[in-house]
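Listed here are the chains, written in short residue letters.
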Amino acid sequence: AQSVTQPDIHITVSEGASLELRCNYSYGATPYLFWYVQSPGQGLQLLLKYFSGDTLVQGIKGFEAEFKRSQSSFNLRKPSVHWSDAAEYFCAVGTTGTASKLTFGTGTRLQVTL
Amino acid sequence: NAGVTQTPKFQVLKTGQSMTLQCAQDMNHEYMSWYRQDPGMGLRLIHYSVGAGITDQGEVPNGYNVSRSTTEDFPLRLLSAAPSQTSVYFCASRRTSGRTGELFFGEGSRLTVL
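Because the structure is predicted, anything quoted here is derived from the model rather than measured. (Residues numbered from 1 in each chain as written. Chains lettered and ligands numbered in written order. Predicted model: local features only at pLDDT ≥ 70, side-chain atom pairs only at ≥ 80, totals over all residues. Heavy atoms only, no water.)

1. Quick look at the state of the cysteines
Here, disulfide denotes a covalent bond that connects the sulfur atoms of two cysteines.
Link 1 in the chain: Following the criterion strictly, the structure yields two disulfides over all chains and no others.
Link 2 in the chain: Two residues share a disulfide in this structure: Cys23 of chain A and Cys91 of chain A, whose sulfurs sit 2.0 Å from each other. Sign of the S-S torsion, about -65 degrees for the bond between Cys23 of chain A and Cys91 of chain A, identifies this disulfide as left-handed. Taken together, the residues Cys23 of chain A in the loop between β3 (19-21) and β4 (24-26) and Cys91 of chain A in strand β10 (residues 87-94) connect sequence positions 68 residues apart.
Link 3 in the chain: Two residues, Cys23 of chain B and Cys91 of chain B, share a disulfide whose sulfurs are 1.9 Å apart. Its torsion about the S-S bond being -75 degrees, the disulfide of Cys23 of chain B and Cys91 of chain B is classed as left-handed. Of this pair, Cys23 of chain B sits in strand β3 (residues 19-25) while Cys91 of chain B sits in strand β9 (residues 87-94), and the two are 68 residues apart along the sequence. (Disulfide = S-S within 2.5 Å. Helix = DSSP H or I, 4+ residues; strand = E, 2+ residues; numbered from the N terminus.)

This is the structure in structure tokens:
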């Protein structure tokens, strides 16, 4: 069974600073990997996804993530954080196939100070 | 451009009461699922369906019932609510053909069981 670990429960960064959110996964084959963002009181919005190919994936809102098979990681990065990026971020791993299920990490809450 | 629609957005129940959370999608997605979100635990899969007439259990199915009579609708039933079912519930859907995996989420239904 697949699993996801997000080791940082809460991160605070200053506006304009760079950001890296960590995600480690466990899965026996090549996984599908996702980052979602959740603003307070809202549903989850997809930031980016990795299926195969280029290991550096670009997403919306200036986010990117790098798949590192050797480290079983899929860390999310942004060069310069904006106050509107304050939210909760979830990493998820999925498998192939019709009945594929997404398994989510416990989330990292990002606070941005001005 | 509705996407995934959940009703109600908020509900308060007494222990032992029953209710149904409604979920509808207009994207013709074969796959639909229900997650619950609890603090510090991320999102956990309750039930899912890969098409009309087909449902299966996820990680935390106890106390919940589902059915899928149409492609568009996937209601979640609580037959006898318990305080442990206080949570935020999310419905999500996706295609099952092509590169699968990306889930589209509703805005959530916050349930409190007293």
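The discussion continues.
2. Considerations on the sheet that holds strand β1 (residues 4-7) of chain B
By way of backbone hydrogen bonds, the strands of a sheet pair with one another, either parallel or antiparallel.
Residue and element names in this part refer to chain B.
Link 1 in the chain: The antiparallel open sheet is built from four strands, whose spatial order is β1-β3-β8-β7. Only two strands of the sheet have a single partner each, and these edge strands are β1 and β7 (64-66). Direction aside, the axes of adjacent strands within the sheet are offset by 20 degrees on average.
Link 2 in the chain: Of the pairings in the sheet, the one linking β7 to strand β8 (residues 76-78) comprises three bridges and is antiparallel in character. Pairing of Val66 across the sheet is with Leu76, part of β8. (Pairing = 2+ DSSP bridges. Axes fitted to C-alpha atoms, helices over the stretch in contact; angles between N-to-C directions.)

3. Things to note about the interface of chain B and chain A
Link 1 in the chain: Contact residues are listed per partner, giving 21 residues for chain B and 22 residues for chain A.
Link 2 in the chain: Summing the contributions of chain B and of chain A, the shared interface buries around 1800 Å²; its carbon and sulfur component is 55%.
Link 3 in the chain: Summed over the shared surface of chain B and chain A, the number is one salt bridge.
Link 4 in the chain: The salt bridge partner of Lys49 of chain A is Glu102 of chain B, with a shortest N-O separation of 2.8 Å.
Link 5 in the chain: Here chain B and chain A share four residue pairs in polar contact (both at pLDDT 80 or more) between them.
Link 6 in the chain: Looking at the side of chain B that touches chain A, the elements with two or more residues in it are β4 (31-38), β5 (42-51) and β9 of chain B.
Link 7 in the chain: For the side of chain B that touches chain A, the element with the highest residue contribution is β5 of chain B, accounting for five residues.
Link 8 in the chain: When grouped by side-chain class, the residues that make up the side of chain B that touches chain A number ten nonpolar, seven polar and four charged. (Contact = heavy atoms within 4.5 Å. Buried area = accessible area lost by both parts, 1.4 Å probe. Salt bridge = Lys/Arg side-chain N within 4 Å of Asp/Glu carboxyl O. Polar contact = N/O pair within 3.5 Å; in protein donor to acceptor, adjacent residues only side chain to side chain. Nonpolar A, V, L, I, M, F, W, Y, C, P; charged D, E, K, R; others polar.)

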